[in-house]
Amino acid sequence: MNAETRETAAAESITGDLEQLSVAFDLGPVQGLQFLDAGMMNRNWRLTSRAGVFALKQLQDVPASKARRSLEALAPLAQAGLPVCAPRRTQSGDVLAAVGDHTYCVQPWAQGIHRNAPDLTPDEAHEFGALVAGLHRELSVAGLPEPGERPRAKVVAPQSALAEADRFLATVDALPVQTRFDEFTVEALRRRKALIDRHAEERPDTEVPLGPVGWTHGDLQPLNVLWDGGQVSAVLDWDRLGVRPYAEEVVRTAQVWFTLPEGRLDLERVAAFTAGYRDVAALEDEALLDAEARLWWKRASDFWQLQWHYDKNDHGPDELWVTGEHLLLWWTQERTQVRSAIVGASAR
């Protein structure tokens, strides 16, 4: 689905809902509505009304009960001084409003810009790591349920990964005409199969991750973080709030943020980010190394972008497949350096 089609579908879905939304959230007359095409899941708008400027979200990718739990957790984080957007409540006191066939939430509009690896200085990466630790700390006292049973992390068997690679090779082979993306995919899948064969013994040997667990954001990628004046002004989109190993979120966030366009990690900023986290919260080397091994194997054995492209006919993540393949090859060759960066810059 292209951007124009998404915007048309979004406009059709909200037609007739605005008046009731305005009443439910006590917004006053709506003066402007701009569709935001950056997200891949839920539908989002910038809404201007007599009451101010807001971010309006139509839930599509998360159940209302889960969204409500996540939104309710934001108020204590905001009270603790963290850069989050506490939800606007309806006149009945809820953080969600069901209108017609849809469910919506409203939050204050946050000022700032999106940034990425080349834009952050090492000091900013360090401060960002400290912020993530602060989020973890405050989430542990935000009134959420106790974590309960320790989460497990599936480790894909090499045979399953190879079978999935073969499935997509057969899919591409059956196409009447192959695009440049298809041709790249064939080459990448052949390399991926060789990599899995060669390094299968390096995968984690248990589904139980190491280190402390607790409530985490779940998707701290650049589109979910706004910056203003060299500092984080808002952490957005808490739909994936859940219980995970803290090291998992630290390592995944470092990988997502500090992957350079040429397909390698900026190890200086990875080390600064991890050090910033560990200045605020204790996290042992063993937990970080375990998280690195799990994320590396997940990248090696997962084909979600191809599932979107070939199974769902959604080409949104195509570029992530291309850059991800470059990163995986580099990462596999440089794992010693990567692991050193993740644990080498301990709390200073």
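Since the structure is predicted, the reported quantities are computational estimates derived from the model, not experimental observations.

S.K.: Give a detailed account of the overall build of the protein chain, specifying residues and quantitative values.
M.R.: Within the protein chain, the regular secondary structure consists of 12 helices and 9 strands. Expressed along its principal axes, the backbone C-alpha trace of the protein chain runs to roughly 60 × 60 × 40 Å. For the protein chain, the proportion of its 348 residues judged to be buried stands at 49%. By sequence separation, contacts in the protein chain at least 24 residues apart represent 74% of the contacts at least 6 residues apart. Surface summary for the protein chain: the accessible area is close to 16,700 Å², and the carbon and sulfur share equals 49%. In the protein chain, which carries 36 positive and 51 negative side-chain charges, the distance between the mean positions of the two groups comes to 2 Å.

S.K.: Now, about the pattern of salt bridges: what can you tell me, with residues and values included?
M.R.: If charged atoms from side chains of opposite charge come close, those side chains can pair. Here the structure, examined in full by the defined rule, presents 22 salt bridges. Between Asp311 and Arg167 there is a salt bridge, and its shortest N-O distance comes to 2.9 Å. In this pair, Asp311 is assigned in helix H10 (residues 304-311) and Arg167 in helix H5 (residues 158-173), connecting sequence segments 144 residues apart. Between Glu202 and Arg335 there is a salt bridge whose closest N-O contact spans 3.2 Å. Of the two residues, Glu202 sits in the loop between helix H6 (180-199) and strand S6 (213-216) while Arg335 sits in helix H12 (residues 335-344), which places them 133 residues apart along the sequence. Under the relative-accessibility criterion, Glu202 is labelled partly exposed at 37%. Exposure remark for Arg335: the relative accessible area of 10% places this residue in the buried category. Shared partners join several salt bridges into a network, and the residues in it are Glu202, Glu292, Arg335 and Arg339.

S.K.: Any chance you could break down the sheet that holds strand S2 (residues 43-49) for me, citing the residues and the numbers?
M.R.: Strand order in the open sheet formed by 5 strands is S1-S2-S3-S5-S4, with antiparallel pairing between adjacent strands. Strand pairing shows two members of the sheet lacking a second neighbour, strand S1 (30-36) and strand S4 (97-99), which therefore form its edges. Across the sheet, the mean angle separating the axes of adjacent strands is 30° when strand polarity is ignored. Where strand S3 (residues 52-58) meets strand S5 (residues 102-108), 5 bridges bridge the pair, whose relative direction is antiparallel. Residue pairing across strands places Phe54 opposite Pro108, the latter belonging to S5.

S.K.: Report on the packing of helix H7 (residues 246-257) against helix H9 (residues 285-301), specifying residues and quantitative values.
M.R.: As a packed pair, H7 and H9 sit with axes 8 Å apart at the nearest point and diverge in direction by 55°. Relative to H9, the element H7 lies oblique. Between H7 and H9 the crossing geometry is right-handed. Contacts from Ala247, Glu248, Val250, Val251, Arg252 and Gln255 in H7 reach Ala287, Leu288, Ala291, Glu292, Leu295 and Arg299 in H9.

S.K.: Tell me what's going on with the environment of Arg244, and back it up with residues and numbers.
M.R.: With respect to the secondary-structure elements, Arg244 resides in strand S9 (residues 242-245). Taking the C-alpha atoms as reference points, Arg244 and Trp331, 87 residues apart in sequence, are found 24 Å from one another. Reaching out from Arg244, the side chain makes a polar contact with the backbone oxygen of Arg240 at a distance of 2.6 Å. Looking at Arg244, its side chain comes within polar contact range of the main-chain oxygen of Gly242, at 3.4 Å.

S.K.: Give me the lowdown on the nonpolar core, citing residues and values where you can.
M.R.: With 83 residues, the main nonpolar core has Phe128, Trp238, Phe258 and Trp321 as its most contacted residues. Excluding its chain neighbours within four sequence positions, the residues that come into contact with Phe258 are Ala117, Leu120, Ala125, Arg264, Leu265, Asp266, Arg269, Val270 and Phe273. Core analysis: the second largest hydrophobic core is formed by 13 residues, Leu21, Phe25, Phe35 and Val106 among them.

S.K.: Explain the packing of H6 against helix H11 (residues 318-333) to me, using residue names and the numbers behind them.
M.R.: Contact geometry of H6 with H11 gives a least axis separation of 11 Å together with a crossing angle of 30°. Relative to H11, H6 is oriented so that their crossing is left-handed. Of the residues in H11, those touching H6 at Phe181, Phe184, Thr185, Ala188, Leu189, Arg191, Arg192, Leu195 and His199 are Asp318, Trp321, Val322, Glu325, His326, Leu328, Leu329 and Thr332. Residues of the contact of H6 with H11, tallied by class, amount to 9 nonpolar, 4 polar and 4 charged.

S.K.: Account for H7, naming residues and giving values.
M.R.: Counted at 1.5 Å a residue, the expected span for H7 with its 12 residues is 16 Å, and the 17 Å between its end C-alpha atoms agrees. Among all positions in H7, only Tyr246, Ala247, Glu249, Val250, Val251, Thr253, Ala254, Gln255 and Trp257 are buried.

S.K.: Mind laying out unusual backbone geometry, listing which residues take part and the relevant values?
M.R.: For Asp237, which is not a glycine, the phi torsion comes out positive at approximately 55°. Tracing the backbone through its elements, the reader meets Asp237 in the loop between strand S8 (231-235) and S9. Classification of Asp237 as partly exposed rests on a relative accessible area of 24%. A positive phi angle is found at Asn313, which is not glycine, with a value near 55°. In this structure Asn313 comes out as exposed when scored by relative accessible area, which is 56%.

S.K.: Please set out H6 residue by residue, giving values where relevant.
M.R.: In a regular helix each residue adds 1.5 Å, so 20 residues correspond to 28 Å; H6 covers 28 Å between its end C-alpha atoms and thus fits that length. Those residues of H6 that sit buried are Phe181, Asp182, Phe184, Thr185, Val186, Ala188, Leu189, Arg192, Leu195, Ile196 and His199. Against the buried residues of H6 lie H5, H9, H10 and H11. At the N-terminal boundary of H6, the capping side chain belongs to Thr179, with an oxygen 3.3 Å from the backbone nitrogen of Phe181.

Criteria and cut-off values
Residues numbered from 1 in each chain as written. Predicted model: local features only at pLDDT ≥ 70, side-chain atom pairs only at ≥ 80, totals over all residues. Heavy atoms only, no water. Helix = DSSP H or I, 4+ residues; strand = E, 2+ residues; numbered from the N terminus. Buried < 20%, exposed > 50% of the residue type's maximum accessible area, 1.4 Å probe, protein only. Contact = heavy atoms within 4.5 Å. Areas by Shrake-Rupley, 256 points an atom, 1.4 Å probe, with all protein chains shown as cover. Lys, Arg positive; Asp, Glu negative; His and termini not counted. Charge placed at Lys NZ, Arg CZ, Asp CG, Glu CD. Salt bridge = Lys/Arg side-chain N within 4 Å of Asp/Glu carboxyl O. Pairing = 2+ DSSP bridges. Axes fitted to C-alpha atoms, helices over the stretch in contact; angles between N-to-C directions. Parallel < 35°, antiparallel > 145°, perpendicular 65-115°, else oblique. Left-handed = near helix turned anticlockwise from the far one by under 90°. Polar contact = N/O pair within 3.5 Å; in protein donor to acceptor, adjacent residues only side chain to side chain. Core = buried A, V, L, I, M, F, W, Y, C linked by side-chain atoms within 4.5 Å. Nonpolar A, V, L, I, M, F, W, Y, C, P; charged D, E, K, R; others polar. Expected span 1.5 Å × (residues − 1).

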